[in-house]
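Observations on the three-dimensional arrangement
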Amino acid sequence: MNTQFETMKLSKEMMQALGILNYHKPTEVQQKVIPLILEGKNVIGKSQTGSGKTAAFGIPICEMVGWDENQMQALILEPTRELTVQVKQELFHIGRTKRLKVADLFGGFPIDKQIQTLKQKNHIGVGTPGRILDHIERGSLNLSKLKILVIDEADLMLDMGFLEDVERILESVDEAVQILLFSATIGDPLDAFIGRYLHKPERVWIESETESLSIIEQKLYEVNDAEDKYELFLQVLKQENPESAIIFCGTREMVNVLCRMLSRDQIQTGMIHGEIDQQDRIKTIENFRRKKFRFLICTDIAARGIDFEKLSHVFHYDFPTGKETYVHRTGRTGRKGNQGIAICFVTKADQKMRLMTEEFIGYQIPVCTLGETTNEMEKAFYRKQKEKPGFVEAKGAGYKDVILRLSISGGKKSKMRAQDIVGTICSIDGIDVLDIGMIDVRDSLTYVEIGNGKGSLVLDALQEKTIKGKLRKVQATKNMY
Ligand code: AMP
(Lines give C-alpha, C1' and ligand atoms only; values in the text may rest on other atoms or scores of the structure.)
Protein backbone atom coordinates (compact mmCIF):
# COMPACT_ATOMS: atom_id res chain seq x y z
CA MET A 1 0.00 0.00 0.00
CA ASN A 2 1.26 3.53 -0.75
CA THR A 3 1.52 5.21 2.61
CA GLN A 4 3.07 8.37 1.17
CA PHE A 5 1.95 10.67 -1.62
CA GLU A 6 5.56 10.62 -2.89
CA THR A 7 5.26 6.96 -3.94
CA MET A 8 2.06 7.50 -5.91
CA LYS A 9 3.83 8.96 -8.94
CA LEU A 10 1.86 12.20 -8.87
CA SER A 11 2.86 15.18 -10.99
CA LYS A 12 4.89 18.12 -9.72
CA GLU A 13 1.81 20.38 -9.81
CA MET A 14 -0.22 17.90 -7.76
CA MET A 15 2.51 17.53 -5.14
CA GLN A 16 2.71 21.33 -4.94
CA ALA A 17 -1.08 21.58 -4.39
CA LEU A 18 -0.99 18.92 -1.66
CA GLY A 19 1.83 20.78 0.08
CA ILE A 20 -0.08 24.07 -0.01
CA LEU A 21 -3.19 22.36 1.40
CA ASN A 22 -1.09 20.73 4.14
CA TYR A 23 -2.01 17.25 3.02
CA HIS A 24 1.30 15.65 3.96
CA LYS A 25 0.21 12.05 4.36
CA PRO A 26 -2.61 10.23 2.60
CA THR A 27 -5.52 9.08 4.78
CA GLU A 28 -6.44 5.38 4.76
CA VAL A 29 -9.05 5.71 2.04
CA GLN A 30 -6.63 7.77 -0.05
CA GLN A 31 -3.87 5.18 0.33
CA LYS A 32 -6.18 2.47 -0.93
CA VAL A 33 -8.21 4.28 -3.55
CA ILE A 34 -5.84 6.70 -5.34
CA PRO A 35 -3.63 3.99 -6.94
CA LEU A 36 -6.69 2.05 -8.15
CA ILE A 37 -8.23 5.13 -9.75
CA LEU A 38 -4.93 6.05 -11.41
CA GLU A 39 -4.84 2.51 -12.88
CA GLY A 40 -8.23 3.20 -14.48
CA LYS A 41 -10.23 0.76 -12.33
CA ASN A 42 -13.89 1.15 -11.44
CA VAL A 43 -13.96 1.55 -7.67
CA ILE A 44 -16.53 1.18 -4.90
CA GLY A 45 -15.47 2.93 -1.71
CA LYS A 46 -17.33 2.37 1.52
CA SER A 47 -16.20 5.23 3.71
CA GLN A 48 -17.53 8.14 5.69
CA THR A 49 -17.37 11.88 5.51
CA GLY A 50 -14.26 13.05 7.29
CA SER A 51 -12.15 10.17 6.01
CA GLY A 52 -10.62 12.31 3.27
CA LYS A 53 -12.85 10.65 0.69
CA THR A 54 -13.27 13.74 -1.50
CA ALA A 55 -9.53 14.08 -2.02
CA ALA A 56 -9.34 10.28 -2.50
CA PHE A 57 -11.14 10.77 -5.81
CA GLY A 58 -10.23 14.45 -6.24
CA ILE A 59 -6.46 13.92 -6.37
CA PRO A 60 -6.45 11.23 -9.09
CA ILE A 61 -9.15 13.06 -11.04
CA CYS A 62 -7.14 16.30 -11.10
CA GLU A 63 -4.05 14.27 -11.98
CA MET A 64 -5.76 12.57 -14.93
CA VAL A 65 -7.65 15.54 -16.35
CA GLY A 66 -5.81 17.42 -19.10
CA TRP A 67 -5.83 21.23 -19.12
CA ASP A 68 -5.70 21.47 -22.94
CA GLU A 69 -9.02 19.72 -23.43
CA ASN A 70 -11.85 22.27 -23.24
CA GLN A 71 -14.70 19.79 -22.67
CA MET A 72 -15.65 18.29 -19.34
CA GLN A 73 -13.56 15.22 -18.49
CA ALA A 74 -14.83 14.35 -15.01
CA LEU A 75 -18.32 14.59 -13.55
CA ILE A 76 -19.17 14.19 -9.87
CA LEU A 77 -22.74 13.58 -8.74
CA GLU A 78 -23.73 14.80 -5.27
CA PRO A 79 -27.10 14.44 -3.50
CA THR A 80 -27.29 17.98 -2.06
CA ARG A 81 -26.31 21.51 -3.00
CA GLU A 82 -24.20 21.93 0.14
CA LEU A 83 -22.16 18.88 -0.74
CA THR A 84 -21.82 20.13 -4.30
CA VAL A 85 -20.31 23.37 -3.01
CA GLN A 86 -18.01 21.59 -0.54
CA VAL A 87 -16.75 19.11 -3.12
CA LYS A 88 -16.34 21.80 -5.76
CA GLN A 89 -14.15 23.81 -3.38
CA GLU A 90 -12.00 20.80 -2.55
CA LEU A 91 -11.47 19.97 -6.23
CA PHE A 92 -10.83 23.59 -7.07
CA HIS A 93 -8.03 23.73 -4.48
CA ILE A 94 -6.53 20.39 -5.50
CA GLY A 95 -6.63 21.29 -9.20
CA ARG A 96 -5.57 24.88 -8.78
CA THR A 97 -1.89 24.44 -9.58
CA LYS A 98 -2.98 22.77 -12.84
CA ARG A 99 -5.40 25.68 -13.47
CA LEU A 100 -8.36 23.30 -13.70
CA LYS A 101 -11.80 24.81 -13.98
CA VAL A 102 -14.57 23.25 -11.91
CA ALA A 103 -18.21 24.06 -12.67
CA ASP A 104 -21.02 23.56 -10.17
CA LEU A 105 -24.40 22.48 -11.45
CA PHE A 106 -27.27 22.39 -9.01
CA GLY A 107 -30.94 23.29 -8.97
CA GLY A 108 -32.34 26.46 -7.42
CA PHE A 109 -29.82 28.51 -9.37
CA PRO A 110 -30.63 30.16 -12.73
CA ILE A 111 -30.04 27.58 -15.44
CA ASP A 112 -29.19 30.25 -18.04
CA LYS A 113 -26.12 31.31 -16.07
CA GLN A 114 -25.00 27.70 -15.82
CA ILE A 115 -25.51 27.29 -19.57
CA GLN A 116 -23.25 30.31 -20.13
CA THR A 117 -20.62 28.81 -17.79
CA LEU A 118 -20.81 25.50 -19.61
CA LYS A 119 -20.00 27.26 -22.89
CA GLN A 120 -16.59 28.20 -21.45
CA LYS A 121 -13.68 25.88 -20.79
CA ASN A 122 -14.57 23.45 -18.00
CA HIS A 123 -12.55 20.44 -16.95
CA ILE A 124 -14.61 19.06 -14.08
CA GLY A 125 -18.31 19.32 -13.19
CA VAL A 126 -19.90 18.77 -9.78
CA GLY A 127 -23.65 18.80 -9.29
CA THR A 128 -26.94 17.26 -8.32
CA PRO A 129 -28.43 14.57 -10.60
CA GLY A 130 -31.65 16.42 -11.49
CA ARG A 131 -29.91 19.55 -12.75
CA ILE A 132 -27.20 17.58 -14.56
CA LEU A 133 -29.84 15.53 -16.33
CA ASP A 134 -31.62 18.73 -17.27
CA HIS A 135 -28.41 20.04 -18.88
CA ILE A 136 -27.83 16.75 -20.70
CA GLU A 137 -31.38 16.84 -22.09
CA ARG A 138 -31.05 20.48 -23.19
CA GLY A 139 -27.76 19.68 -24.89
CA SER A 140 -25.88 22.23 -22.76
CA LEU A 141 -23.58 19.65 -21.16
CA ASN A 142 -21.21 17.96 -23.57
CA LEU A 143 -20.01 14.65 -22.14
CA SER A 144 -18.27 13.37 -25.26
CA LYS A 145 -14.83 13.69 -23.61
CA LEU A 146 -15.88 12.36 -20.22
CA LYS A 147 -13.33 9.98 -18.68
CA ILE A 148 -14.52 9.61 -15.08
CA LEU A 149 -17.89 9.73 -13.37
CA VAL A 150 -18.24 9.74 -9.57
CA ILE A 151 -21.40 8.83 -7.69
CA ASP A 152 -20.79 10.25 -4.23
CA GLU A 153 -22.89 9.52 -1.12
CA ALA A 154 -24.75 6.87 -3.10
CA ASP A 155 -26.83 5.70 -0.13
CA LEU A 156 -28.18 9.20 0.35
CA MET A 157 -28.92 9.44 -3.39
CA LEU A 158 -30.96 6.29 -2.98
CA ASP A 159 -32.78 7.60 0.13
CA MET A 160 -33.63 10.84 -1.63
CA GLY A 161 -34.99 9.03 -4.66
CA PHE A 162 -32.26 10.25 -7.04
CA LEU A 163 -31.06 6.86 -8.19
CA GLU A 164 -33.30 6.87 -11.26
CA ASP A 165 -31.80 10.16 -12.42
CA VAL A 166 -28.32 8.74 -11.79
CA GLU A 167 -29.21 5.73 -13.94
CA ARG A 168 -30.34 7.98 -16.77
CA ILE A 169 -27.08 9.92 -16.56
CA LEU A 170 -25.08 6.68 -16.62
CA GLU A 171 -27.01 5.54 -19.66
CA SER A 172 -26.09 8.71 -21.52
CA VAL A 173 -22.31 8.36 -21.07
CA ASP A 174 -19.90 6.20 -23.01
CA GLU A 175 -19.38 2.64 -21.73
CA ALA A 176 -15.64 3.22 -21.43
CA VAL A 177 -16.11 5.90 -18.76
CA GLN A 178 -14.46 4.94 -15.46
CA ILE A 179 -17.03 4.85 -12.66
CA LEU A 180 -16.38 5.46 -8.97
CA LEU A 181 -19.04 5.02 -6.31
CA PHE A 182 -18.75 6.13 -2.69
CA SER A 183 -21.22 5.35 0.04
CA ALA A 184 -21.35 5.21 3.84
CA THR A 185 -23.49 2.06 3.72
CA ILE A 186 -24.12 -0.38 0.90
CA GLY A 187 -27.34 -2.41 1.12
CA ASP A 188 -29.20 -4.63 -1.34
CA PRO A 189 -30.74 -1.96 -3.61
CA LEU A 190 -27.31 -0.34 -4.08
CA ASP A 191 -25.71 -3.71 -4.69
CA ALA A 192 -28.20 -4.38 -7.48
CA PHE A 193 -27.41 -0.97 -8.97
CA ILE A 194 -23.65 -1.66 -8.76
CA GLY A 195 -24.14 -5.00 -10.50
CA ARG A 196 -25.89 -3.28 -13.39
CA TYR A 197 -23.56 -0.33 -13.93
CA LEU A 198 -20.07 -1.01 -12.58
CA HIS A 199 -18.00 -3.48 -14.56
CA LYS A 200 -15.53 -5.50 -12.43
CA PRO A 201 -15.26 -2.94 -9.65
CA GLU A 202 -12.54 -2.97 -6.99
CA ARG A 203 -14.06 -2.73 -3.50
CA VAL A 204 -12.40 -0.71 -0.77
CA TRP A 205 -13.93 -0.99 2.69
CA ILE A 206 -12.87 1.49 5.38
CA GLU A 207 -13.65 0.96 9.08
CA SER A 208 -17.26 1.84 9.85
CA GLU A 209 -18.23 4.78 11.99
CA THR A 210 -19.85 2.41 14.52
CA GLU A 211 -16.39 1.13 15.37
CA SER A 212 -14.87 4.60 15.59
CA LEU A 213 -17.67 5.90 17.87
CA SER A 214 -15.91 4.36 20.88
CA ILE A 215 -13.63 7.39 21.25
CA ILE A 216 -16.64 9.72 21.63
CA GLU A 217 -18.08 10.31 25.08
CA GLN A 218 -21.82 9.70 24.80
CA LYS A 219 -24.50 10.79 27.26
CA LEU A 220 -28.24 10.40 27.39
CA TYR A 221 -30.79 12.49 29.27
CA GLU A 222 -34.31 11.20 29.75
CA VAL A 223 -37.07 13.75 29.54
CA ASN A 224 -40.69 13.17 30.51
CA ASP A 225 -42.34 15.59 28.25
CA ALA A 226 -41.35 17.25 25.00
CA GLU A 227 -42.21 20.58 26.65
CA ASP A 228 -39.57 20.08 29.36
CA LYS A 229 -36.91 19.38 26.80
CA TYR A 230 -35.84 22.93 26.02
CA GLU A 231 -35.16 23.81 29.66
CA LEU A 232 -33.20 20.60 30.17
CA PHE A 233 -31.22 21.18 27.00
CA LEU A 234 -30.47 24.77 27.97
CA GLN A 235 -29.05 23.73 31.33
CA VAL A 236 -26.98 20.94 29.77
CA LEU A 237 -25.68 23.38 27.16
CA LYS A 238 -24.63 25.85 29.84
CA GLN A 239 -22.96 23.19 31.94
CA GLU A 240 -21.09 21.69 29.00
CA ASN A 241 -20.21 25.13 27.65
CA PRO A 242 -19.07 23.73 24.29
CA GLU A 243 -16.37 25.22 22.13
CA SER A 244 -18.57 24.43 19.11
CA ALA A 245 -21.59 22.23 18.57
CA ILE A 246 -24.03 20.96 16.01
CA ILE A 247 -27.55 20.62 17.36
CA PHE A 248 -29.70 18.21 15.38
CA CYS A 249 -33.47 18.60 15.23
CA GLY A 250 -36.01 16.30 13.64
CA THR A 251 -37.89 18.90 11.57
CA ARG A 252 -37.38 22.28 9.90
CA GLU A 253 -39.99 23.78 12.22
CA MET A 254 -38.08 22.59 15.26
CA VAL A 255 -34.86 24.15 13.89
CA ASN A 256 -36.68 27.49 13.55
CA VAL A 257 -38.27 27.24 17.00
CA LEU A 258 -35.04 26.25 18.76
CA CYS A 259 -33.12 29.03 17.04
CA ARG A 260 -35.71 31.56 18.22
CA MET A 261 -35.73 30.22 21.78
CA LEU A 262 -31.94 30.28 22.06
CA SER A 263 -31.80 33.76 20.62
CA ARG A 264 -34.34 34.82 23.28
CA ASP A 265 -31.85 33.46 25.83
CA GLN A 266 -29.09 35.50 24.17
CA ILE A 267 -27.36 32.56 22.59
CA GLN A 268 -26.22 33.17 19.06
CA THR A 269 -26.67 30.35 16.57
CA GLY A 270 -26.76 29.67 12.86
CA MET A 271 -29.29 27.35 11.26
CA ILE A 272 -29.63 25.30 8.13
CA HIS A 273 -32.56 23.35 6.74
CA GLY A 274 -34.15 22.72 3.38
CA GLU A 275 -36.38 25.79 3.33
CA ILE A 276 -33.62 28.33 3.90
CA ASP A 277 -32.35 30.13 0.83
CA GLN A 278 -29.48 28.22 -0.65
CA GLN A 279 -26.97 31.08 -0.72
CA ASP A 280 -27.71 31.71 2.97
CA ARG A 281 -27.17 28.05 3.80
CA ILE A 282 -23.82 28.03 2.05
CA LYS A 283 -22.76 31.22 3.84
CA THR A 284 -23.86 29.81 7.22
CA ILE A 285 -21.88 26.61 6.69
CA GLU A 286 -18.76 28.56 5.69
CA ASN A 287 -19.10 30.91 8.68
CA PHE A 288 -19.57 28.01 11.07
CA ARG A 289 -16.61 26.21 9.54
CA ARG A 290 -14.51 29.32 10.02
CA LYS A 291 -15.75 29.52 13.62
CA LYS A 292 -17.52 32.86 13.36
CA PHE A 293 -20.21 31.45 15.70
CA ARG A 294 -20.32 28.39 17.96
CA PHE A 295 -23.65 26.62 17.55
CA LEU A 296 -25.24 25.33 14.37
CA ILE A 297 -28.82 24.02 14.47
CA CYS A 298 -29.85 21.81 11.59
CA THR A 299 -31.85 18.95 10.15
CA ASP A 300 -30.17 15.73 9.07
CA ILE A 301 -30.42 16.09 5.33
CA ALA A 302 -29.07 19.64 5.26
CA ALA A 303 -26.02 18.61 7.28
CA ARG A 304 -25.32 15.22 5.75
CA GLY A 305 -21.78 14.80 4.48
CA ILE A 306 -20.70 18.29 5.44
CA ASP A 307 -17.33 18.15 7.15
CA PHE A 308 -16.54 20.34 10.15
CA GLU A 309 -13.15 20.03 11.73
CA LYS A 310 -12.73 20.09 15.49
CA LEU A 311 -16.35 20.02 16.53
CA SER A 312 -16.41 19.55 20.32
CA HIS A 313 -20.07 18.55 20.78
CA VAL A 314 -23.00 17.01 18.97
CA PHE A 315 -26.48 17.36 20.48
CA HIS A 316 -29.34 15.14 19.40
CA TYR A 317 -31.98 17.66 20.50
CA ASP A 318 -34.54 15.42 18.85
CA PHE A 319 -33.58 11.77 19.04
CA PRO A 320 -32.91 10.39 15.55
CA THR A 321 -35.65 8.44 13.82
CA GLY A 322 -33.20 5.94 12.29
CA LYS A 323 -30.49 3.98 14.08
CA GLU A 324 -27.83 4.73 11.46
CA THR A 325 -28.64 8.42 11.83
CA TYR A 326 -27.46 8.27 15.45
CA VAL A 327 -24.11 6.97 14.22
CA HIS A 328 -23.79 9.52 11.39
CA ARG A 329 -24.65 12.44 13.65
CA THR A 330 -22.50 11.33 16.57
CA GLY A 331 -19.53 10.70 14.29
CA ARG A 332 -19.43 14.41 13.40
CA THR A 333 -17.42 14.98 16.54
CA GLY A 334 -14.23 13.25 17.70
CA ARG A 335 -12.59 13.42 14.28
CA LYS A 336 -8.89 13.05 13.59
CA GLY A 337 -8.05 12.11 17.17
CA ASN A 338 -9.83 15.14 18.67
CA GLN A 339 -12.01 14.62 21.71
CA GLY A 340 -15.74 14.64 21.21
CA ILE A 341 -18.93 14.54 23.25
CA ALA A 342 -22.36 13.53 21.96
CA ILE A 343 -25.47 14.16 24.04
CA CYS A 344 -28.98 12.97 23.32
CA PHE A 345 -32.38 13.71 24.80
CA VAL A 346 -34.92 10.92 24.90
CA THR A 347 -38.65 11.40 25.44
CA LYS A 348 -41.11 8.56 26.11
CA ALA A 349 -41.98 8.50 22.43
CA ASP A 350 -38.29 7.95 21.56
CA GLN A 351 -37.77 4.91 23.80
CA LYS A 352 -38.36 2.34 21.05
CA MET A 353 -35.83 3.96 18.74
CA ARG A 354 -33.39 4.30 21.62
CA LEU A 355 -33.49 0.52 22.19
CA MET A 356 -33.06 -0.17 18.47
CA THR A 357 -30.12 2.24 18.34
CA GLU A 358 -28.45 0.72 21.38
CA GLU A 359 -28.83 -2.73 19.87
CA PHE A 360 -27.30 -1.45 16.63
CA ILE A 361 -24.26 0.16 18.27
CA GLY A 362 -23.86 -2.74 20.67
CA TYR A 363 -23.93 -0.90 24.00
CA GLN A 364 -26.16 1.23 26.19
CA ILE A 365 -25.67 4.97 26.05
CA PRO A 366 -24.82 6.09 29.61
CA VAL A 367 -27.75 7.86 31.30
CA CYS A 368 -27.05 11.16 33.06
CA THR A 369 -29.11 13.21 35.45
CA LEU A 370 -28.98 16.96 35.47
CA GLY A 371 -27.00 18.61 38.23
CA GLU A 372 -27.38 22.20 39.33
CA THR A 373 -26.21 24.97 37.00
CA THR A 374 -24.10 27.06 39.35
CA ASN A 375 -23.63 30.81 39.07
CA GLU A 376 -20.04 30.25 37.95
CA MET A 377 -21.19 27.94 35.16
CA GLU A 378 -23.80 30.47 34.04
CA LYS A 379 -21.23 33.28 34.01
CA ALA A 380 -18.58 31.19 32.24
CA PHE A 381 -21.13 30.26 29.58
CA TYR A 382 -22.17 33.82 28.79
CA ARG A 383 -18.55 35.00 28.97
CA LYS A 384 -17.69 32.49 26.26
CA GLN A 385 -20.71 33.64 24.25
CA LYS A 386 -19.21 37.10 24.12
CA GLU A 387 -15.73 35.87 23.14
CA LYS A 388 -15.09 35.42 19.48
CA PRO A 389 -14.33 31.77 18.82
CA GLY A 390 -10.86 31.15 17.32
CA PHE A 391 -10.93 32.24 13.71
CA VAL A 392 -10.06 29.56 11.18
CA GLU A 393 -8.55 30.42 7.83
CA ALA A 394 -10.45 29.42 4.71
CA LYS A 395 -9.40 26.18 3.09
CA GLY A 396 -6.71 26.79 0.49
CA ALA A 397 -5.50 29.92 2.28
CA GLY A 398 -1.95 28.63 1.73
CA TYR A 399 -2.35 29.57 -1.92
CA LYS A 400 -2.17 33.26 -1.08
CA ASP A 401 1.65 33.10 -0.91
CA VAL A 402 1.85 31.63 -4.39
CA ILE A 403 -1.13 32.95 -6.31
CA LEU A 404 -2.61 36.45 -6.47
CA ARG A 405 -6.12 36.88 -7.80
CA LEU A 406 -6.75 40.12 -9.67
CA SER A 407 -10.07 41.65 -10.65
CA ILE A 408 -10.14 43.64 -13.85
CA SER A 409 -13.00 45.92 -14.86
CA GLY A 410 -14.68 44.76 -18.08
CA GLY A 411 -16.28 41.42 -18.89
CA LYS A 412 -18.59 39.66 -21.31
CA LYS A 413 -20.78 42.75 -21.74
CA SER A 414 -17.83 44.66 -23.20
CA LYS A 415 -16.75 41.57 -25.19
CA MET A 416 -13.69 40.92 -23.07
CA ARG A 417 -12.10 37.55 -23.87
CA ALA A 418 -9.48 35.51 -22.03
CA GLN A 419 -7.08 36.06 -24.97
CA ASP A 420 -7.22 39.85 -24.46
CA ILE A 421 -6.05 39.44 -20.88
CA VAL A 422 -3.35 36.88 -21.77
CA GLY A 423 -2.07 39.13 -24.58
CA THR A 424 -1.57 42.14 -22.33
CA ILE A 425 -0.15 40.23 -19.36
CA CYS A 426 2.35 38.36 -21.53
CA SER A 427 3.63 41.69 -22.86
CA ILE A 428 4.85 42.57 -19.34
CA ASP A 429 8.61 42.07 -18.91
CA GLY A 430 9.42 38.93 -16.91
CA ILE A 431 6.00 37.33 -17.37
CA ASP A 432 5.10 34.43 -19.60
CA VAL A 433 1.94 32.44 -20.21
CA LEU A 434 2.79 29.83 -17.57
CA ASP A 435 2.52 32.49 -14.86
CA ILE A 436 -1.13 33.05 -15.73
CA GLY A 437 -3.64 30.87 -13.91
CA MET A 438 -7.36 30.67 -14.13
CA ILE A 439 -9.25 33.36 -16.01
CA ASP A 440 -12.90 33.85 -15.21
CA VAL A 441 -14.76 36.30 -17.45
CA ARG A 442 -17.98 37.44 -15.76
CA ASP A 443 -20.57 39.95 -17.01
CA SER A 444 -18.72 43.17 -16.27
CA LEU A 445 -15.68 41.95 -14.38
CA THR A 446 -12.87 39.49 -15.09
CA TYR A 447 -10.80 37.57 -12.56
CA VAL A 448 -7.33 36.35 -13.37
CA GLU A 449 -4.91 34.46 -11.17
CA ILE A 450 -1.17 35.12 -11.36
CA GLY A 451 1.11 32.39 -10.05
CA ASN A 452 4.79 31.88 -9.27
CA GLY A 453 4.82 34.83 -6.86
CA LYS A 454 4.58 37.33 -9.76
CA GLY A 455 1.20 38.77 -8.77
CA SER A 456 2.39 42.17 -7.55
CA LEU A 457 4.54 42.66 -10.63
CA VAL A 458 1.48 42.15 -12.86
CA LEU A 459 -0.76 44.25 -10.59
CA ASP A 460 1.67 47.19 -10.80
CA ALA A 461 2.17 46.87 -14.53
CA LEU A 462 -1.57 46.76 -15.25
CA GLN A 463 -2.07 50.15 -13.60
CA GLU A 464 -0.46 51.62 -16.72
CA LYS A 465 -1.08 49.10 -19.49
CA THR A 466 -4.22 49.01 -21.56
CA ILE A 467 -6.30 45.88 -22.11
CA LYS A 468 -8.40 45.88 -25.29
CA GLY A 469 -7.42 49.49 -25.87
CA LYS A 470 -8.54 50.78 -22.46
CA LEU A 471 -6.89 51.40 -19.13
CA ARG A 472 -8.76 49.13 -16.66
CA LYS A 473 -9.35 49.25 -12.95
CA VAL A 474 -7.20 46.37 -11.68
CA GLN A 475 -7.20 45.30 -8.03
CA ALA A 476 -5.96 42.40 -5.94
CA THR A 477 -8.90 40.49 -4.47
CA LYS A 478 -8.94 38.78 -1.11
CA ASN A 479 -11.48 36.30 -2.29
CA MET A 480 -9.70 33.02 -2.91
CA TYR A 481 -12.69 31.28 -4.39
P1 AMP B 1 -13.85 14.48 3.47
O2 AMP B 1 -13.91 13.13 4.06
O3 AMP B 1 -13.56 14.46 2.02
O4 AMP B 1 -15.05 15.32 3.83
O5 AMP B 1 -12.54 15.24 4.11
C6 AMP B 1 -12.41 15.52 5.45
C7 AMP B 1 -11.39 16.62 5.71
O8 AMP B 1 -10.07 16.14 5.63
C9 AMP B 1 -11.46 17.78 4.74
O10 AMP B 1 -11.44 18.98 5.48
C11 AMP B 1 -10.18 17.66 3.90
O12 AMP B 1 -9.74 18.93 3.49
C13 AMP B 1 -9.24 17.01 4.87
N14 AMP B 1 -8.22 16.14 4.21
C15 AMP B 1 -8.39 15.34 3.13
N16 AMP B 1 -7.25 14.67 2.86
C17 AMP B 1 -6.34 15.03 3.78
C18 AMP B 1 -4.97 14.65 4.03
N19 AMP B 1 -4.33 13.76 3.29
N20 AMP B 1 -4.35 15.25 5.06
C21 AMP B 1 -5.00 16.15 5.85
N22 AMP B 1 -6.28 16.54 5.68
C23 AMP B 1 -6.96 15.98 4.66
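Quantities reported herein were computed from a predicted structural model and do not represent experimental measurements. (Residues numbered from 1 in each chain as written. Predicted model: local features only at pLDDT ≥ 70, side-chain atom pairs only at ≥ 80, totals over all residues. Heavy atoms only, no water.)

Focus on the environment of Leu100
Relative to the helices and strands, Leu100 resides in the loop between helix H4 (81-94) and strand E3 (102-105). In sequence terms Leu100 and Gln419 are 319 residues apart; their C-alpha atoms lie 17 Å from each other. When sequence neighbours within four positions are dropped, the list of residues in contact with Leu100 reads Cys62, Val65, Trp67, Gly95, His123, Ile124 and Met438. (Helix = DSSP H or I, 4+ residues; strand = E, 2+ residues; numbered from the N terminus. Contact = heavy atoms within 4.5 Å.)

A look at the sheet that holds strand E11 (residues 295-298)
The strand order across the open sheet built from 7 strands is E10-E11-E9-E12-E13-E8-E14, with neighbouring strands paired in parallel fashion. Across the chains shown, the open sheet's two edge strands, defined by having one partner strand only, are strand E10 (269-272) and strand E14 (367-368). For strand E12 (residues 313-316) and strand E13 (residues 340-346), the ladder comprises 4 bridges, and the chain directions are parallel. Residue pairing across strands places His313 opposite Ile341, the latter belonging to E13. Contacts from helix H11 (residues 226-240) reach strand E8 (216-222), strand E9 (245-248), E11, E12 and E13, with the element oriented near 165° to E13. Contacting E8, E13 and E14, helix H16 (residues 351-361) runs over the sheet at an angle of about 160° to E8. (Pairing = 2+ DSSP bridges. Axes fitted to C-alpha atoms, helices over the stretch in contact; angles between N-to-C directions.)

Some thoughts on the domain arrangement of the protein
According to the domain assignment, the protein consists of domain 1 (5-207), domain 2 (211-386) and domain 3 (403-477). Each of domain 1 and domain 3 has a C-alpha centre, and these two points are 31 Å apart. Counting the surface lost from both domain 1 and domain 3, the interface buries some 730 Å², and carbon and sulfur atoms represent 52% of this. In terms of surface lost to domain 3, no three residues of domain 1 exceed Arg96, Arg99 and Lys101, which account for 65% of the buried area on that side. Between Glu449 and Arg96 there is a salt bridge whose closest N-O contact spans 2.5 Å. Counting every contact that joins domain 1 to domain 3 gives 3 residue pairs in polar contact (both at pLDDT 80 or more). Considered class by class, the residues forming the side of domain 1 that touches domain 3 number 2 nonpolar, 2 polar and 3 charged. (Domains from an automatic or database assignment. Buried area = accessible area lost by both parts, 1.4 Å probe. Salt bridge = Lys/Arg side-chain N within 4 Å of Asp/Glu carboxyl O. Polar contact = N/O pair within 3.5 Å; in protein donor to acceptor, adjacent residues only side chain to side chain. Nonpolar A, V, L, I, M, F, W, Y, C, P; charged D, E, K, R; others polar.)

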